[in-house]
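Descriptive analysis of the structure
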Number of protein chains: 2
Amino acid sequence: MRELIAKYREKGFKLTPQRLAILNFLDGNTSHPTADDIYREIKKNYPAVSFATVYNTLQALRDRGKVAEITIDFQKKHYDPDIRPHHHIICTECNKIADVFQDYSEALRLPYNIKGEFQSTGNHVNFYGICKKCRNLSRYVSKRENKKRRTKLCA
Amino acid sequence: MRELIAKYREKGFKLTPQRLAILNFLDGNTSHPTADDIYREIKKNYPAVSFATVYNTLQALRDRGKVAEITIDFQKKHYDPDIRPHHHIICTECNKIADVFQDYSEALRLPYNIKGEFQSTGNHVNFYGICKKCRNLSRYVSKRENKKRRTKLCA
DNA sequence: TTACAAATTTAGAATTATTCTAATTTAGAT
DNA sequence: ATCTAAATTAGAATAATTCTAAATTTGTAA
Ligand SMILES: [Mn+2]
Ligand SMILES: [Mn+2]
Ligand SMILES: [Zn+2]
Ligand SMILES: [Zn+2]
């Protein structure tokens, strides 16, 4: 945490109590929170905190490459304080997200027709699945609203 | 197109002129349009068409597994009338999206720790890159707003 | 054909996530 | 202690999407 502070103080990143709370919440967090998740958490200790502050801080961190936004949820952005390259798996029942640390770059070669059109700079894999908890629940629950499940282009 | 109509008429899917226009626009379309793209296109021939109709139709198609939504753009949903399993590459400069038809499932094995927690049902790869057009442009344009580029968890 | 119920269309309001604004406060430097 | 740039705040603005309720249309069956 000490180092965190030092790390951010450079580059005119002012450290306010609100920001420290946000930084602290994010540090080592593997839950991929949304802005709202963060807001509700920070509000516990800083009841006057504003939504704008959360967004401002996230933008500041994002612009400095300290958090990543992940494209996995249709409704809202999720933030990831772990900026090491990695992938994600999301439970299609409860939307729980987990990290997948594994480099597939070697295997993810683009087909020739694409290589002519695009110069690839990176890749990110979204895995879909059912988490353990939901798998157990589904024993007792009839598979309702199956038709409403989104069509995913899953391989 | 004849078959398209027959295909949708089953299951109480009523075919209105507006829907036919949408179906027609989507049929074989590889541009991954947003709801707004579709709306603006349909409006050319049906100036009175409503946004709600576009969304309603997309929902109906989605619920019947006839179009997929793709998670690649932070701002809005893109729709894909091609529901064969495939992946995408997006230009980080102009957001152009292209299809990547290649099955990487064999290589995309989950690490053991995840296998215990999730039962995987599918995967989707987002590639990032620069398209040919933007690559050429960038010769003449200074690399502005480089700092504002989002941190992507690219491998 | 005609009649009809159920599905669809529509304008506009509502909702939700995110960004912007402008006045006030605060952090960090001197 | 002073000062300025940066950060905070409430609330308004924006943008994508969904909802509502009344009017219209479709497909079907008499
Ligand atoms: Mn992660
Ligand atoms: Mn596609
Ligand atoms: Zn789950
Ligand atoms: Zn491009």
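Note: the structure precedes this text.
In this report, we go over the structure that sits alongside the text. Given the structure is predicted, the values throughout are model-derived calculations rather than measurements.

Things to note about the sheet that holds strand S4 (residues 97–100) of chain A
Taken in spatial order, the six strands make up an open sheet running S4(A)-S3(A)-S5(A)-S5(B)-S3(B)-S4(B), and their pairing is mixed. With partners counted over all chains shown, the strands left at the sheet margins are S4 of chain A together with strand S4 (97–100) of chain B, one partner each. Each adjacent strand pair in this sheet contributes to an overall mean axis angle of 30°, direction not counted. Sheet analysis places strand S3 (residues 87–91) of chain B next to S4(B), joined by four bridges and oriented antiparallel. Within the sheet, the bridge partner assigned to B:His87 lies in S4(B) and is B:Val100.

Regarding the coordination of the zinc ion (ligand 3)
All names here are of chain A. Protein coordination of the zinc ion (ligand 3) is provided by Cys91 (SG), Cys94 (SG), Cys131 (SG) and Cys134 (SG), with donor distances spanning 2.2 to 2.4 Å. If you look at the zinc ion (ligand 3), its four donor atoms make angles of 105 to 114° with each other, and the shape they trace is tetrahedral. Ordering the donors of the zinc ion (ligand 3) by residue number gives the pattern C-x2-C-x36-C-x2-C. Here the two residues cysteine 131 and cysteine 134 agree in accessibility, since each one is buried.

Describing the protein's contact with DNA strand D
In the neighbourhood of DNA strand D, 22 residues make up the surrounding shell, with A:Thr16, A:Arg19, A:Thr53, B:Lys14 and B:Tyr55 lying closest. For DNA strand D, the backbone makes up 80% of the atoms found within 4 Å of the protein, where backbone means sugar plus phosphate. Contact distances for DNA strand D include 3.0 Å between a phosphate oxygen and a side-chain N or O atom of B:Lys76. Of all the elements in the fold, those that place two or more residues in the surface near DNA strand D are helix H2 (17–26) and helix H4 (51–63) of chain A together with helix H4 (51–63) of chain B.

Here we look at the protein's contact with DNA strand C
Taken together, the neighbourhood of DNA strand C is formed by 22 residues, with A:Tyr55, A:Lys77, B:Thr16, B:Arg19 and B:Thr53 sitting nearest. Sugar and phosphate atoms constitute 78% of the interface atoms of DNA strand C, taking the interface as everything within 4 Å of the protein. Taking B:Thr53, its side chain carries an N or O atom lying 2.6 Å from a phosphate oxygen of DNA strand C. Taken together, the elements giving at least two residues each to the surface near DNA strand C come down to H4 of chain A together with helix H2 (17–26) and H4 of chain B.

Observations concerning the coordination of the zinc ion (ligand 4)
When four donors bind a metal tetrahedrally, each ideal donor-metal-donor angle is 109.5 degrees, and when six bind octahedrally, the ideal angles are 90 or 180 degrees. Residues and elements named next belong to chain B. The protein atoms that coordinate the zinc ion (ligand 4) are Cys91 (SG), Cys94 (SG), Cys131 (SG) and Cys134 (SG), at distances of 2.2 to 2.4 Å. Sequence spacing of the donor residues for the zinc ion (ligand 4), all on one chain, is C-x2-C-x36-C-x2-C. Taken as a pair, cysteine 94 in the loop between S3 and S4 and cysteine 131 in strand S5 (residues 118–131) lie far apart in primary sequence, 37 residues in all. A residue is classified by how much of its surface remains accessible, and cysteine 131, at 2% relative accessible area, is buried.

What to know about the nonpolar core
Within the largest apolar cluster, 28 residues are counted, with the highest numbers of intra-cluster contacts made by A:Ile89, A:Leu108, A:Phe127, B:Ile89, B:Leu108 and B:Phe127. Elements that contribute at least two residues to this core include exactly strand S3 (87–91), S4 and strand S5 (118–131) of chain A together with S3, S4 and S5 of chain B. When near neighbours in sequence (up to four residues on either side) are disregarded, A:Phe127 contacts A:His87, A:His88, A:Ile89, A:Ile90, A:Val100, A:Tyr104, B:Leu108, B:Leu110, B:Ser120, B:Gly122 and B:Asn123.

Basis of the calculations
- Residues numbered from 1 in each chain as written.
- Chains lettered and ligands numbered in written order.
- Predicted model: local features only at pLDDT ≥ 70, side-chain atom pairs only at ≥ 80, totals over all residues.
- Heavy atoms only, no water.
- Pairing = 2+ DSSP bridges.
- Helix = DSSP H or I, 4+ residues; strand = E, 2+ residues; numbered from the N terminus.
- Axes fitted to C-alpha atoms, helices over the stretch in contact; angles between N-to-C directions.
- Donors = N, O, S within 2.8 Å, 3.2 Å for Na, K, Ca; no water.
- Tetrahedral: all angles 85-135°; square planar, octahedral: opposite > 155°, others 65-115°.
- Buried < 20%, exposed > 50% of the residue type's maximum accessible area, 1.4 Å probe, protein only.
- Near = heavy atom within 4 Å.
- Polar contact = N/O pair within 3.5 Å; in protein donor to acceptor, adjacent residues only side chain to side chain.
- Core = buried A, V, L, I, M, F, W, Y, C linked by side-chain atoms within 4.5 Å.
- Contact = heavy atoms within 4.5 Å.

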